[in-house]
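# Working through the structure, step by step
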Amino acid sequence: MAANRSLALVTRAVDVTESSTVATLFTREMGKVSALAKGARRLKSAFQGGLDLLGVSDIVLLPKASESLDLLTEAAPVERFPCLRRDLAALYAGYYVAELLTELTDLHDPHPRLFDAARITLRHLGDVGLRPRRVVRFELACLREIGLAPSFDLCCQCGEPTTAERETAFGPASGGVLCPACRPGLPDVVTLDRRTIDLARALASPGNRWREWEPAGSDLADVRRVVGSVVSHAMGRRPRVQPYLGV
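Let me begin by describing the structure that accompanies this report.

Analysis parameters
- Residues numbered from 1 in each chain as written.
- Predicted model: local features only at pLDDT ≥ 70, side-chain atom pairs only at ≥ 80, totals over all residues.
- Heavy atoms only, no water.
- Buried < 20%, exposed > 50% of the residue type's maximum accessible area, 1.4 Å probe, protein only.
- Helix = DSSP H or I, 4+ residues; strand = E, 2+ residues; numbered from the N terminus.
- Polar contact = N/O pair within 3.5 Å; in protein donor to acceptor, adjacent residues only side chain to side chain.
- Phe/Tyr/Trp six-rings, centres within 6.5 Å; stacked < 30°, edge-to-face > 60°.
- Salt bridge = Lys/Arg side-chain N within 4 Å of Asp/Glu carboxyl O.

### A look at helix α5 (residues 194-204)
When you tally the buried positions in α5, you get nine out of 11 residues, the bulk of the element. Every buried residue of α5 is accounted for by R194, T196, I197, D198, L199, A200, R201, A202 and L203. Where α5 starts, the residue carrying a side-chain oxygen 2.8 Å from the main-chain nitrogen of R195 turns out to be D193.

Dropping the structure here:
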């Protein structure tokens, strides 16, 4: 088959022999791929620097028609994110981005907008003030791309508006906010203040309103908690890196 070229974010790399590595890459053009990089561990490898974890590289991939691994023939470094080397909290946030990309997407299912969102997020994780909001914003971008974005305006069960309520029920497993008529009987429902819902909506929306918002600490903590619950439900387990997020 013809070789494919794409930008790729390295989300995982495992040494499998004395000279070769299996890399999991989130590419802009082909989605998530797992590929064998023969000779990647040699001193004069053609992959030098191109398989660094959480780096963006220009890769050339030979897809395999069978279920065997694709073959990586080139990987040249394009962008590195210095903040991940200076700040441990930023590094853990970067690991979280990689885990979401790996666990929430399918092989060979392209999401170019999600690739761009991941690259922008990694580029700015050194901004301590905005880092917590950037992480939540990326979580919401992942959920939106895979069709599981929670609703913050309309009841996820009946479609009725909930914006008039001062406090609103939210079901992570149900798909978002719930009106009073639909809440009874549903599991794992929490009650959120209107400010929390407004902040979540701003973080999920395009534009810069999410930057300008001045949330109370509890508002952002509540948004992080409920969005994290939706991510855990989508993944089928709690993300491994989530407990270590120092954001």
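### Here's the deal with the packing of aromatic side chains
Tallied over the full model, the rule gives three aromatic pairs. Both rings, one in Y92 and one in Y95, keep their centres 6.2 Å apart while their planes meet at 75°; by these two values the pair is edge-to-face. With Y92 and Y95 both in helix α2 (residues 88-104) and three residues apart, the pair spans about one turn of that helix. A centroid spacing of 5.8 Å and a plane angle of 20° characterise the contact between Y92 and Y244, whose relative ring orientation is stacked.

### Concerning the pattern of salt bridges
Considering all chains together, one arrives at 17 salt bridges under this definition. In this structure, E74 and R5 form a salt bridge, with 3.7 Å as the shortest nitrogen-oxygen distance. Here R5 lies in strand β1 (residues 4-15) and E74 lies in strand β5 (residues 70-79), a separation of 69 residues in the sequence. Relative accessible area serves as the criterion here: at 39%, E74 is assigned to the partly exposed category. By relative accessible area, R5 is classed as exposed at 52%. Across the pair R41 and D15 runs a salt bridge whose closest N-O atoms are separated by 3.4 Å. Taken together, the residues span a long stretch of sequence, with R41 in the loop between β3 (31-37) and β4 (56-62) and D15 in strand β1 at a distance of 26 residues. The class for R41 is partly exposed, based on a relative accessible area of 42%. Three or more residues joined by partner-sharing salt bridges are found here, namely D153, R194, D198 and R201.

The analysis is restricted to geometry; functional conclusions fall outside its scope.
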